[in-house]
Amino acid sequence: MASQSEHKATVIDGKLIAQTIRSEIAEEVRQLSEKYGKVPGLAVVIVGNRKDSQSYVGMKRKACAEVGIQSFDMDLPEQISEAELVSKVHELNANPDVHVFEQSIVILAGILVQLPLPKHINEEKVLSEISLAKDVDGFHPLNIGKLAMKDREPLFQPCTPKGCLELLHRSGVSIKGKRAVVVGRSNIVGLPVSLLLLKADATVTVVHSRSNDQESIIREADIIIAAAGQPMMIKGSWIKPGAAVIDVGTNAVDDPSRKTGYRLVGDVDFNEACKIAGCITPVPGGVGPMTVAMLLKNTLEGAKRVIVQ
Ligand code: NAD
């Protein structure tokens, strides 16, 4: 048996897995176009000029183009009122899906509103106005509600949580009956990922900023999903030998040795964790690429519901 110092966790290559999924999606889109003359479309709404949001949206648009999903840009000014934004969302909800693109009809299957929205706009209000059938981000309260209920299925699962589960499946990590600990309870990651794990028959504990004795709870986990946004908070000694570790955390920390002056780290101390975990996702290159791949997958699934009846 390898001693602890020799042990090296399997690094889960999220970039590669996401690329495989994107190829699968591209193939399905090609088949839809060939068989039905229809392709999926995604409306990408961005409000204002935040650099980070612009760059995320750019990435999503490029990823759509790569797999043959037609994206529609809706770039709105920072000063737009909440009522105006809601009415734009209603327009997209009612969109009759008749854009013709390279001889295919584009089915507007999804609406994505890039967050955060400017402070004067209530995000919750805007997100809950997106038609359930086009809620490819899966943030609509009804979709989340269904995720929480036994024997109910949401139309869409939120992208980052869905990406975490997909990483586990594709890495051969079984979930049923396992002890899973989710660190973080946000509406977009921690809470929905804990619900997905529960649906997959794990025994789930959620650790959050008010939890006592986080370390010993985390140490019991066969599966750790870290989504606290706290750089390298989870130490190697907090991890059960052989555990599967999915690190959602994406934190910029100062690094004068880099040109940019910073580098990205996860919520898990990667180097320490590698000596004890069974498998682990890196940051970057783990969960991040999966989030975009799952957005494409949701858009494809939404379009299939309309096209293949
Ligand atoms: P958030 O700030 O909304 O929520 C953080 C959660 O962690 C809260 O529920 C809080 O209770 C908990 N928490 C905070 N400090 C804690 C501590 N010391 N111990 C235990 N729990 C603690 O953040 P979020 O939007 O859920 O994102 C979490 C992290 O995941 C961030 O680093 C974010 O950048 C990253 N993220 C990555 C992706 C991706 O695609 N890779 C997507 C979304 C979020």
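What you are looking at is a predicted structure, and each value in this text was computed from that prediction instead of being measured.

Can you walk me through the site of the ligand in this structure?
The environment of the ligand is formed by 21 residues, the closest being R185, S186, Q214, T250 and T291. Between the ligand and Q214 there is a distance of 3.0 Å, counted from a nitrogen atom to a side-chain nitrogen or oxygen. At 3.3 Å from a nitrogen atom of the ligand is found a side-chain nitrogen or oxygen belonging to Q230. Alone, the ligand offers 860 Å² of accessible surface; in the complex the protein occludes 69% of this.

Honestly, the side chain of Q114 in this entry has me stumped. Any pointers?
The residue Q114 is located in the loop between strand 5 (104–113) and helix 4 (123–128) in this model. Exposure remark for Q114: the relative accessible area of 7% places this residue in the buried category. For Q114, the side chain forms a polar contact with the side chain of K60, separated by 2.8 Å. Once residues within four sequence positions are removed from consideration, Q114 is found in contact with V45, S53, Y56, V57 and K60.

What am I meant to see in the pattern of salt bridges here?
Pairing is possible between side chains that carry opposite charge, provided their charged atoms lie close to one another. What the rule picks out here adds up to 16 salt bridges. A salt bridge links R22 to E66, with the nearest nitrogen and oxygen atoms 3.0 Å apart. With R22 in helix 1 (residues 14–36) and E66 in helix 2 (residues 51–67), the pair connects residues that are 44 residues apart, well separated along the chain. By relative accessible area, R22 is classed as buried at 15%. Relative accessible area serves as the criterion here: at 46%, E66 is assigned to the partly exposed category.

Just checking my understanding: could you explain the nonpolar core for this structure?
Soluble, globular proteins show a tendency: their nonpolar side chains are buried together. Grouped together as the largest cluster of nonpolar side chains are 55 residues, with contacts concentrated most on L42, C164, L168, L197, I223, I225 and I246. Per-element accounting of this core gives the leading share, ten residues, to helix 10 (residues 287–307). The contacts of L197, once residues within four sequence positions are left out, are L165, L168, I175, A180, V182, A202, V204 and I225. One finds V183, I218, V268 and I280 within the second-largest nonpolar core, a separate group that totals 20 residues.

Would you mind showing me how to read the sheet that holds strand 6 (residues 179–183) here?
Sheet strands associate in pairs through backbone hydrogen bonding, adopting either a parallel or an antiparallel arrangement. Reading across the sheet, the six strands line up as 1-12-9-8-6-7 and stay open at both edges, with parallel pairing between neighbours. Edge positions in the open sheet fall to strand 1 (10–11) and strand 7 (203–207), since each of these has one partner strand only. With four bridges joining them, strand 6 and strand 8 (residues 223–226) adopt parallel strand pairing. The residue of strand 8 that forms the bridge with V182 is I225. The strands that helix 7 (residues 190–199) touches are strand 6, strand 7 and strand 8; relative to strand 6, the one it contacts most, it runs at about 170°.

About the thresholds
Residues numbered from 1 in each chain as written. Predicted model: local features only at pLDDT ≥ 70, side-chain atom pairs only at ≥ 80, totals over all residues. Heavy atoms only, no water. Near = heavy atom within 4 Å. Polar contact = N/O pair within 3.5 Å; in protein donor to acceptor, adjacent residues only side chain to side chain. Areas by Shrake-Rupley, 256 points an atom, 1.4 Å probe, with all protein chains shown as cover. Helix = DSSP H or I, 4+ residues; strand = E, 2+ residues; numbered from the N terminus. Buried < 20%, exposed > 50% of the residue type's maximum accessible area, 1.4 Å probe, protein only. Contact = heavy atoms within 4.5 Å. Salt bridge = Lys/Arg side-chain N within 4 Å of Asp/Glu carboxyl O. Core = buried A, V, L, I, M, F, W, Y, C linked by side-chain atoms within 4.5 Å. Pairing = 2+ DSSP bridges. Axes fitted to C-alpha atoms, helices over the stretch in contact; angles between N-to-C directions.

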